[in-house]
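# Observations on the three-dimensional arrangement
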Amino acid sequence: MSGLLFENCPLGCSEPLKTTEIVTPDGPLRLCPACGQLISSCSKQVYYDSLEASNRPEGTAPSLKDMKRFQQRTRRILRLTETLTGRSARDMALLDVGCSSGALLHVARDEGFGAVSGVEPGSASAATASAAGFEVHRGFLEVNMFAAESYDVVTMIEVIEHLTNPLEVVRAAHRVLKPGGLLVTNTPNMDSWTLQWVKGDWECFDMYATDHGGHACFFSPKSMRTLAGRTGFEFEYIRTGGLRLAEKGRVSPLRYKLLKILRELLTLPARVMGKGHEMLVIFRKAS
């Protein structure tokens, strides 16, 4: 297997991609000048190898140290869906795309969602989620025969950046959602101050990172709006948070400590101005 993973913009733009000065271990990121999407220069082989590395029983579940933070964040996201729909969790069915070993499904079940299920291509992690009592469809959302208009909420948490075909997958999510249903995504923000400071050293570009390997498709608010418009969705909600000014080990210890102090001062302005590096975006299917 050879060749670049992406030759063209994955959001369907026709303009030629431009090489940027953001250099990652897989080469410089490329930019779609039309929609602002950033794209990895990795090869197909590197991409598929990185995905296979995460196909293990524990999947991408957070470590015990990070589990409490993950659960708190996930609860906030799920409760936001109740606010935006004006409905109780017990009256809604949720599908988690890329559910891995079921970390989000556990939180959704605890939050009282009326029906909770997942779809996951990795056989080992899907087996773990199934063993925990969840209905898990093995494979991909765009090829599984899910009934149309059967879910109220579809979640893709830290998934969309892994996709080589985001248009196809998001259109599939639109098809399975009921009118007024929500697609919830969480992904790194390429319009963040973190990218401006850290550039190609940002850990989200590490193709083989244990907890988030396989990132290849990088979104900004602009490209997310483009994605919504091309898949039939309305752009409902966006929030960013988090800030990093250096990756540990990439700068001297003294500089890292000084940048941590500066980060604390800039974290709130980054969130207010939409420059945080974690981007929560919600699309709505028209009623």
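Here we summarise the structure given alongside this text. Here the structure is a predicted model, which is why all the values come from computation and not from measurement.

### Some words on helix H8 (residues 253-272)
For H8, which comprises 20 residues, the first-to-last C-alpha distance of 29 Å matches the rise-based estimate of 28 Å (1.5 Å per residue) to within 8%. Along H8, the largest kink reaches about 45° and is centred on Leu 266; proline Pro 269 follows within four residues of it. For H8, the complete set of buried residues consists of Tyr 256, Leu 259 and Ala 270. Each element contacted by the buried residues of H8 is listed here: helix H6 (193-198) and strand S10 (233-241). Note on H8: the residue one or two positions beyond its end, Gly 274, has a positive phi of about 75°.

### Focus on the packing of aromatic side chains
One pair of aromatic rings is described through two measures. These are the centre distance and the angle between the planes. Under the criterion given, the structure shown has 6 aromatic pairs. Considering the side-chain rings of Trp 202 and Phe 205, the 5.7 Å spacing of their centres and the 80° angle between planes classify their relative orientation as edge-to-face. Trp 202 gets classed as buried once you look at its relative accessible area, which sits at 4%. Taken together through their ring pairs, the aromatic side chains of Trp 202, Phe 205 and Phe 218 make up a single cluster.

### Side note on the side chain of Arg 284
Mapped onto the fold, Arg 284 is located in strand S11 (residues 278-285). Polar side-chain contacts of Arg 284 include one of 3.1 Å to the backbone oxygen of Gly 180. The residues contacting Arg 284, other than those within four sequence positions of it, are Leu 84, Thr 85, Gly 180, Gly 181, Leu 182, Phe 233, Glu 234 and Glu 236.

### Notes on the sheet that holds S10
For sheets, the rule is that strands pair by backbone hydrogen bonds, running either parallel or antiparallel. The strand order across the open sheet built from 7 strands is S6-S5-S4-S7-S8-S11-S10, with neighbouring strands paired in mixed fashion. In this open sheet, the two edge strands, each paired with only one partner strand, are strand S6 (135-138) and S10. Shown here is a sheet whose adjacent strand axes are inclined to one another by a mean of 20°, direction ignored. For strand S4 (residues 93-97) and strand S7 (residues 151-157), the ladder comprises 3 bridges, and the chain directions are parallel. Each residue of the ladder has a partner; that of Leu 94, found in S7, is Val 153. On top of the sheet, helix H4 (residues 123-131) reaches strand S5 (115-120) and S6; it is set at about 160° to S6, its chief contact.

### Points about the pattern of salt bridges
In the structure shown here, the tally under the stated rule is 13 salt bridges. Of the charged contacts, one joins Glu 149 and Lys 285 as a salt bridge, the two residues approaching to 3.9 Å between their closest N and O atoms. Taken as a pair, Glu 149 in the loop between S6 and S7 and Lys 285 in strand S11 lie far apart in primary sequence, 136 residues in all. Judged by relative accessible area, which is 42%, Glu 149 ranks as partly exposed. With relative accessibility at 8%, the residue Lys 285 sits in the buried group. A salt bridge links Glu 236 to Arg 284; the shortest N-O distance between them is 3.0 Å.

### Some words on unusual backbone geometry
Leaving glycine aside, a negative phi is the common case for residues, and trans is the common case for peptide bonds. The phi angle at Glu 158 is positive, at roughly 55°, despite the residue not being glycine. The topology assignment puts Glu 158 in the loop between S7 and helix H5 (166-176). The phi angle at Lys 199 is positive, at roughly 55°, despite the residue not being glycine. One can find Lys 199 in the loop between H6 and strand S9 (217-218).

### What to know about the sheet that holds strand S1 (residues 18-24)
Strand order in the open sheet made by the 4 strands is S1-S2-S3-S9, with antiparallel pairing throughout. What marks the edges here is a single partner per strand, and that holds for S1 and S9. Pairing geometry for S1 and strand S2 (residues 27-31), over 4 bridges, is antiparallel. Residue Thr 19 lies in a different strand from S2, and its bridge partner there is Arg 30.

Cut-offs and rules
Within each chain, residue numbers correspond to sequence positions counted from 1 in written order. Given that the model is predicted, a residue must reach a pLDDT of at least 70 before its local features are reported, and side-chain atom pairs must reach 80 or more before they are shown or counted; all residues, however, enter totals for whole chains, interfaces and linings. With hydrogens and water stripped out, all remaining heavy atoms of the structure feed into the side-chain values. Each helix is a run of DSSP H or I of at least 4 residues and each strand a run of E of at least 2, with the numbering of both proceeding from the N terminus. Each helix should span, by expectation, one fewer than its residue count multiplied by 1.5 Å. One axis is fitted to the seven residues ending at the residue and one to the seven starting there. The bend at that residue is the angle between these axes. Exposure is judged per residue with a 1.4 Å probe applied to protein chains only, and the accessible area is read against the type maximum: over 50% gives exposed, under 20% gives buried, and values in between give partly exposed. The contact criterion used throughout is that any non-hydrogen atoms of two residues lie within 4.5 Å. Ring pairs are drawn from Phe, Tyr and Trp, using the six-membered ring of Trp, whenever the two centres fall within 6.5 Å, and their geometry is named by plane angle: stacked under 30 degrees, edge-to-face over 60, tilted for the rest. Polar contacts, as counted here, are pairs of nitrogen or oxygen atoms within 3.5 Å of one another; within protein the pair requires one atom able to donate a hydrogen and one able to accept it, and residues that are adjacent in sequence qualify only if both atoms are side-chain atoms. By this definition, two strands are paired if DSSP reports at least two bridges between them. Helix axes use the C-alpha atoms of the stretch in contact, all axes being lines fitted to C-alpha atoms, and the angles between their N-to-C directions lie in the range 0 to 180 degrees. One side-chain nitrogen of Lys or Arg within 4 Å of one carboxyl oxygen of Asp or Glu is enough to make a salt bridge.

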